[in-house]
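Chain by chain, the residues:
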Amino acid sequence: MKLIQTVDAEGAVLCHDITQIIKGVVKDAVFRKGHVVTKEDIPVLLSVGKDWLYVWEDQEGMLHENEAAEILCGICENSHMERSLPKEGKIELRAAIDGLFKVNSQGIRAINHFGQMMIASRHGNFPVKKGDKLAGTRIIPLMIEEEKMKAAKQEAMKATGGQPILTLKPFVHKKIGIITTGNEVFYGRIQDTFTPVIKEKLREFDTQVIEHVTWNDDDKQVTASILEMAEKGADVVICTGGMSVDPDDKTPLAIKNTGARIVSYGAPVLPGAMFLLAYLETENENGSRKVALMGLPGCVMYAKRTIFDLVLPRILADDEVTAQEIAGLGQGGLCLNCPVCTFPNCGFGKGY
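Computed from a predicted model, the values in this text were never measured in an experiment.

Asks: So, the overall build of the chain: which residues are in play, and what are the values?
Replies: Secondary structure summary: the chain contains 11 helices and 19 strands in total. Taking all 352 residues of the chain together, the buried fraction comes to 44%. Considering only residue pairs separated by 6 or more positions, the chain has 67% of its internal contacts joining residues 24 or more positions apart. A total of about 17,900 Å² of accessible surface is found on the chain, and carbon and sulfur atoms cover 51% of it. Across the chain, the mean location of the 40 positive side-chain charges is 3 Å away from that of the 46 negative side-chain charges.

Asks: Can you tell me about the sheet that holds strand β15 (residues 207–215), naming the residues and giving the values?
Replies: In a beta sheet, neighbouring strands are held together by backbone hydrogen bonds and run either parallel or antiparallel to one another. If you trace the six strands from one edge of the open sheet to the other, you get β15-β14-β16-β19-β18-β17, paired in mixed fashion. The open sheet is flanked by β15 and β17 (261–265), the only strands paired with a single partner. Adjacent strand axes in the sheet meet at a mean angle of 20°, parallel and antiparallel pairs treated alike. The pairing of strand β18 (residues 276–284) with strand β19 (residues 287–296) spans nine bridges and is classified as antiparallel. Paired with Tyr279 across the bridge in β19 is Ala292. Contacts between helix α7 (residues 219–231) and the sheet are confined to β14 (174–181), β15, β16 (236–240), β18 and β19, with β14 contributing the most and set at about 170° to the helix. Along the sheet, helix α10 (residues 307–316) contacts β14, β15, β16, β18 and β19; its crossing angle with β19, the most-contacted strand, is approximately 170°.

Asks: I'd like a rundown of the environment of Asp309, residues and numbers included.
Replies: Looking at the element boundaries, Asp309 is found in helix α10. Classification of Asp309 by relative accessible area gives buried; the value is 10%. Spatially, the C-alpha atom of Asp309 lies 34 Å from that of Lys153, the residues being 156 residues apart in sequence. When neighbours within four sequence positions are excluded, Asp309 is seen to be in contact with Lys201, Lys304 and Phe343. Side-chain polar atoms of Asp309 contact the side chain of Lys201, separated by 2.9 Å.

Asks: Describe the sheet that holds strand β10 (residues 126–128), with residues and values.
Replies: Across the sheet, which stays open at both edges, the three strands sit in the order β10-β8-β13 with antiparallel pairing between neighbours. Where the open sheet ends on each side, the last strands, each with one partner, are β10 and β13 (166–170). The mean angle between the axes of side-by-side strands here comes to 40°, regardless of whether they run parallel or antiparallel. Two elements, strand β8 (residues 99–103) and β13, share five bridges in a ladder whose sense is antiparallel. If you follow Gly99 over to β13, its bridge partner there is Pro170.

Asks: I'd like a description of the packing of helix α6 (residues 194–202) against α10, backed by residues and values.
Replies: Between α6 and α10, the least distance of the axes is 11 Å, while the angle of their chain directions is 45°. When the axis of α6 is compared with that of α10, the two are oblique. The interaxial crossing formed by α6 with α10 has right-handed handedness. For the pair formed by α6 and α10, the contact residues are Ile198, Lys201 and Leu202 on the first element and Phe308, Asp309 and Leu312 on the second. In terms of residue class, the contact of α6 with α10 is built from four nonpolar, no polar and two charged.

Quick notes on the rules
- Residues numbered from 1 in each chain as written.
- Predicted model: local features only at pLDDT ≥ 70, side-chain atom pairs only at ≥ 80, totals over all residues.
- Heavy atoms only, no water.
- Helix = DSSP H or I, 4+ residues; strand = E, 2+ residues; numbered from the N terminus.
- Buried < 20%, exposed > 50% of the residue type's maximum accessible area, 1.4 Å probe, protein only.
- Contact = heavy atoms within 4.5 Å.
- Areas by Shrake-Rupley, 256 points an atom, 1.4 Å probe, with all protein chains shown as cover.
- Lys, Arg positive; Asp, Glu negative; His and termini not counted.
- Charge placed at Lys NZ, Arg CZ, Asp CG, Glu CD.
- Pairing = 2+ DSSP bridges.
- Axes fitted to C-alpha atoms, helices over the stretch in contact; angles between N-to-C directions.
- Polar contact = N/O pair within 3.5 Å; in protein donor to acceptor, adjacent residues only side chain to side chain.
- Parallel < 35°, antiparallel > 145°, perpendicular 65-115°, else oblique.
- Left-handed = near helix turned anticlockwise from the far one by under 90°.
- Nonpolar A, V, L, I, M, F, W, Y, C, P; charged D, E, K, R; others polar.

Function cannot be read off these values alone, since they describe shape.
Take a look at the structure:
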């Protein structure tokens, strides 16, 4: 940076905030670091006692914070995102659509370990609405080495396999099949209060329930219904009840007997430990496809938030869930059953 007279500062870039203090009236920056001085600004600068200014001076191999911010934003930005203009080395990203937000944690760590630059994002694997803030990036100093930005980009791309650090996956229209199990419901001994809960949660997304059946504790009937719903075009089949290890709880067996690939029977989440997730490979005239199968434990019926709330958005965005990811839900997997539920603005489902 260099020191110049304020009267000669038109077009120069400020290297620091210019603060105005009027007792009892104001104490704030009239111009921020990075501001480009205009002719009209000069009388204002003189009025706050700035006859001389430290301004940006081009140096070979150095980038201004806003130039570097563009590079940092490019490392993060992906489809379906909108970005702000750079200001004081900062750029914000917002959602351009409703969708599932994902963060490559290795990539974000690679950047934040470098120093002099940072990315702060909301938690990944959660749904967002159009207009929601996704992340903010910032270059810390006014100037930063061009080589450092190149090295940071290289490390981030190495960590992410060449992909942007952030992803926003649009929700996909899904056809849903629901199978209610249990002798007590099948024979009319009690009212089915499980299915209304499932349908209410599905209404938050672009879904269509194409079939709902109720069976007694006959695993063969449940298996046949799953396969039939998949044949009719269901993208997701949800089985409610019969998920414990009791001998007469046969839903896990019914799902297994479809030939589906079991991802996990059991999850380190409370409520929701007896959750089952599987993927069934099917064929139709358009080729092969995967049908997601979920076995929901009874807690989904009465608890405010459960494992179902963590997995459902991912299923509806065609974001395949792995056993390793389910195992990783343990930290943050304990719902505290707060008197006033603020999910997803809480720690539930947000591991390290």
